[in-house]
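# Coordinate analysis (summary)
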Amino acid sequence: MKILVCISHVPDTTSKINFTAENAEFDSNGVQFVINPYDEFSLARAMWFKEKQGASVTVITVGDASTEPSLRKSLAIGADDAIRIDAQATDGITVAKQLAEVIKSNAYDLILTGRESIDYNGATVPGALATLLDYNFINACVGLEIEGTSVTASKEIDGGTETLGTELPAVIAGQKGLVEEKDLRIPNMRGIMMARKKPLQVLPGIEATSSTKDVSFEKPAEKSACKIVTSVDELIDVLHNEAKVI
Ligand SMILES: Cc1cc2nc3c(=O)[nH]c(=O)nc-3n(C[C@H](O)[C@H](O)[C@H](O)COP(=O)(O)OP(=O)(O)OC[C@H]3O[C@@H](n4cnc5c(N)ncnc54)[C@H](O)[C@@H]3O)c2cc1C
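Residues numbered from 1 in each chain as written. Predicted model: local features only at pLDDT ≥ 70, side-chain atom pairs only at ≥ 80, totals over all residues.

## Things to note about the overall build of the chain
Assigned secondary structure in the chain consists of six helices and 13 strands. Dimensions of the chain along its principal axes, counting C-alpha atoms only, are 70 × 45 × 40 Å. Excluding contacts between residues fewer than 6 apart, the proportion of contacts in the chain whose partners are at least 24 apart in sequence is 72%. (Helix = DSSP H or I, 4+ residues; strand = E, 2+ residues; numbered from the N terminus. Contact = placed C-beta atoms within 7 Å.)

Now the structure itself:
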């Protein structure tokens, strides 16, 4: 089984986020980037299929050279090879088009993605990719088994679990729970050394125009300072006279 894991290179959740160009562009200066957390779950499940069922695992990203550390980390975790499509990831549909072009000429059986990227939270790429490829698609999976070409995937639904079956080739979007958090992979020194020698192919992107563009971003309002009260009377006074909520 040939597995392709789509990796999104996203700001670390602890990064301080700023915008430029009158709040219309994300300012990446000084921001630490990581593998999108949902993609880490998908990558860990791909590694399980590699180790237990002899699958090959390729990782792919759409982005400029600055995204390569996330690919090298994926290789250090155990992926066999990596592809970077050298194009700006300007929106989810464009990313899906770039990925589909490479997948069409490489016959992967299973495409694993994350449920959504934690930067722009578009949740667009997996569904758009499955549509462009005419592959089966299951979103937001917390369980995935494959026997031959049969896929069994589970999803959390309100108050329970839904189990779905489909056939390869398929796009499966994973999320937290696809593997247990203790089974997420951290690269060890041997993996990091081996990753340096593994193939990382850079392919040119296709001409693809974005269907959306960012108009502006707005940050949440700053939290106001905490006030410590030392008695119930003082609390009532503050709620009544300052917050004016009672
Ligand atoms: C210079 C620049 C300009 C941008 N301008 C815009 C803009 O105008 N409008 C806009 O909406 N976004 C813009 N983006 C954001 C960028 O388009 C998104 O990161 C990307 O399109 C994915 O968006 P998403 O949130 O829909 O991904 P999702 O669909 O939420 O991602 C789901 C999964 O798809 C896969 N995936 C997502 N992105 C990639 C990728 N790049 N490579 C491989 N797999 C991937 C991952 O597995 C991910 O978990 C810009 C980014 C850059 C760098």
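## Some words on the sheet that holds strand 10 (residues 150-157)
Spatial ordering of the open sheet is given by 11-10-9-12-8-1-6-7-13, a layout of nine strands whose pairing is mixed. One side of each edge strand has no neighbouring strand; the edge strands of this open sheet are strand 11 (160-167) and strand 13 (200-204). Here the average twist between neighbouring strands, direction ignored, is 35°. Across five bridges, strand 7 (residues 81-86) lies against strand 13 in parallel orientation. Bridge pairing links I83 to Q201 in strand 13. (Pairing = 2+ DSSP bridges. Axes fitted to C-alpha atoms, helices over the stretch in contact; angles between N-to-C directions.)

## Describing the site of the ligand
The environment of the ligand is made up of 32 residues, and the closest members are G92, T113, G114, G122 and V125. Sorting elements by how many residues they give to the shell around the ligand places strand 6 (residues 56-62) first, with three residues. Its residues placed into classes, the shell around the ligand shows 11 nonpolar, 15 polar and six charged. (Near = placed C-beta within 6 Å. Nonpolar A, V, L, I, M, F, W, Y, C, P; charged D, E, K, R; others polar.)

## Quick look at helix 1 (residues 37-53)
An α-helical turn contains 3.6 residues, so any two residues separated by three or four positions project in the same direction. Taking 1.5 Å of rise per residue, 17 residues should cover 24 Å, and helix 1 covers 24 Å from first to last C-alpha, within 8% of that figure. For helix 1, the set of buried residues is Y38, D39, E40, F41, S42, L43, A44, R45, A46 and M47. Just downstream of helix 1 lies G54, where phi reads positive at about 70°. (Expected span 1.5 Å × (residues − 1). Buried ≥ 20, exposed ≤ 12 C-beta atoms within 10 Å, placed from the backbone.)

## Some details on unusual backbone geometry
Residues L168 and P169 are joined by a peptide bond in cis, for which omega reads 0°. Counting through the fold element by element, P169 comes out in the loop between strand 11 and strand 12 (170-174). Even without being a glycine, N121 presents a positive backbone phi close to 50°. Structurally, N121 can be placed in the loop between strand 8 (110-114) and helix 4 (125-133). Judged by local crowding, N121 falls into the exposed class, with 10 C-beta atoms found within 10 Å.

## Details of the packing of helix 3 (residues 92-104) against helix 4
Two elements in contact, helix 3 and helix 4, have axes whose closest approach is 8 Å; the angle formed by their N-to-C orientations is 45°. Taken together, helix 3 and helix 4 sit at an angle that is classed as oblique. Of the two possible hands of crossing, helix 3 and helix 4 adopt the one that is right-handed. Listed contacts from helix 4 to G92, I93, V95, A96, K97, L99, A100, I103 and K104 of helix 3 are V125, A128, L129, L132 and L133. Across the contact of helix 3 with helix 4, the residue classes tally to 11 nonpolar, one polar and two charged. (Parallel < 35°, antiparallel > 145°, perpendicular 65-115°, else oblique. Left-handed = near helix turned anticlockwise from the far one by under 90°.)

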